[in-house]
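Take a look at the letters that make up each chain.
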Amino acid sequence: MKPILIIKTGSTLDSLRSTIGDFEDWMIRGSGLPYAAFQVINVEAGESLPDDQTLCAVLITGSHAMVSDRLPWSENAARWLADAVARRLPTLGICYGHQLLAHALGGDVGYNPNGLELGTVEVRLTPAGLSDPPPAPRLHVAHAQSVGRLPDGASHLASSLMDKHQAFCANGCAWGVQFHPEFDAAIVRAYIQADHSELAAAGQNPQALLADCTDTPFGSQILQRFIALVRGQQLPSKRSTQGLIN
């Protein structure tokens, strides 16, 4: 079986990485597959992406970088992703990966006008999302930037109170999710604590956000649905969103 590529676009907080691993570790654990099933390429560190025909799927991690900075490694990855999606390689972008995927396909990304979104939030499915697999009412978020405009032809799948574009599907093979299906409550609490001062300065209540954090099964379910789609090679049609979010 061809490997699943993880495009590593950054690393988590040092305090988390030293104790429970990094973004790619959490994604692999959530997938239910062994590490041997994956190939990790650290594009932020300058590693080159492989020929997409040697892969069965792609996952894109989060990052503390900003897509709107148009860093060379990020722009190179965006061009690679545009070609891979055009060839219908199954792709799932998470947080930065969601934004990078949208940018690669012609959407717009910038700072969220509603400010930092951190915590465990309700994610509401759109009518298109409801045609897609069961609703995920609460998921973990940690981001400053958002997708302001989806790529042409993309299906809008989900939103939250602070972010209109929590999930989308493009070309029946590529999904972006702003939320973090690989996070648990302890991870999102660490992010709230790290951004405590910024949240407070913006008029948010960090203590209330911390108290509202809760573990949810929906993140790992979404990761495992993506793996099931990849392993079954049963992608939806180009105009369908069925198969991942609902």
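See above for the structure.
Here we summarise the structure given alongside this text. It should be emphasised that the depicted structure is a prediction, and the values quoted were computed from it without experimental measurement. (Residues numbered from 1 in each chain as written. Predicted model: local features only at pLDDT ≥ 70, side-chain atom pairs only at ≥ 80, totals over all residues. Heavy atoms only, no water.)

Here the focus is the packing of aromatic side chains. Using the criterion set out here, one finds five aromatic pairs in the structure. An aromatic cluster of at least three residues, connected via ring pairs, comprises F23, W26, F183 and Y191. (Phe/Tyr/Trp six-rings, centres within 6.5 Å; stacked < 30°, edge-to-face > 60°.)

As a further point, take helix α3 (residues 72-86). Taking 1.5 Å as the rise per residue, α3 with 15 residues should run 21 Å; its terminal C-alpha atoms sit 22 Å apart, in good agreement. Turning to α3, its buried residues are W73, S74, E75, A77, A78, W80, L81, A84 and V85. Where the residues of α3 are buried, they touch β1 (4-8), β3 (57-60), β4 (91-94), α4 (96-104) and β12 (174-177). Of the residues one or two after α3, R88 is the one with positive phi, at around 65°. (Helix = DSSP H or I, 4+ residues; strand = E, 2+ residues; numbered from the N terminus. Expected span 1.5 Å × (residues − 1). Buried < 20%, exposed > 50% of the residue type's maximum accessible area, 1.4 Å probe, protein only. Contact = heavy atoms within 4.5 Å.)

Right, let's get into the environment of D195. Mapped onto the elements, D195 comes out in the loop between α6 (185-194) and α7 (196-201). Residues within four places of D195 in sequence aside, it is in contact with L116 and L118.

Let us look at the pattern of salt bridges. Throughout the structure, instances matching the rule amount to seven salt bridges. In this structure, R87 and D52 form a salt bridge, with 2.8 Å as the shortest nitrogen-oxygen distance. Of this pair, R87 sits in the loop between α3 and β4 while D52 sits in the loop between β2 (38-42) and β3, placing them 35 residues apart in sequence. Judged by relative accessible area, R87 falls into the exposed class, the value being 52%. Residue D52 is classed as buried on the basis of its relative accessible area of 8%. Of the charged contacts, one joins D212 and R138 as a salt bridge, the two residues approaching to 3.4 Å between their closest N and O atoms. Of this pair, D212 sits in helix α8 (residues 206-212) while R138 is found in strand β8 (residues 138-143), placing the two residues 74 residues apart along the sequence. With a relative accessible area of 40%, D212 lands in the partly exposed category. Looking at R138, the relative accessible area reads 26%, which means it is partly exposed. (Salt bridge = Lys/Arg side-chain N within 4 Å of Asp/Glu carboxyl O.)

The calculated volume of the largest pocket comes to roughly 310 Å³. The wall of the largest pocket is formed by 20 residues, among which S63, H64, A142, H143 and A144 lie closest to the centre. Looking at the lining of the largest pocket, the elements with two or more residues in it are α4 and β8. Considering only residue class, the lining of the largest pocket consists of eleven nonpolar, seven polar and two charged. Roughly 180 Å³ of volume is contained in the second largest pocket. As for the second largest pocket, its lining consists of 14 residues, and the residues nearest its centre are W26, P181, E182, F183 and D184. Sorting the residues of the lining of the second largest pocket by element identifies α2 (23-31) and α9 (218-232) as the ones contributing at least two each. For the lining of the second largest pocket, a count of residues per class yields six nonpolar, four polar and four charged. (1 Å grid on protein atoms, 1.4 Å probe; cavity = no way out; pocket = protein on both sides within 12 Å on 5 of 7 lines; lining within 4 Å. Points joined across faces, edges and corners; volume = space filled by probe spheres on them. Nonpolar A, V, L, I, M, F, W, Y, C, P; charged D, E, K, R; others polar.)

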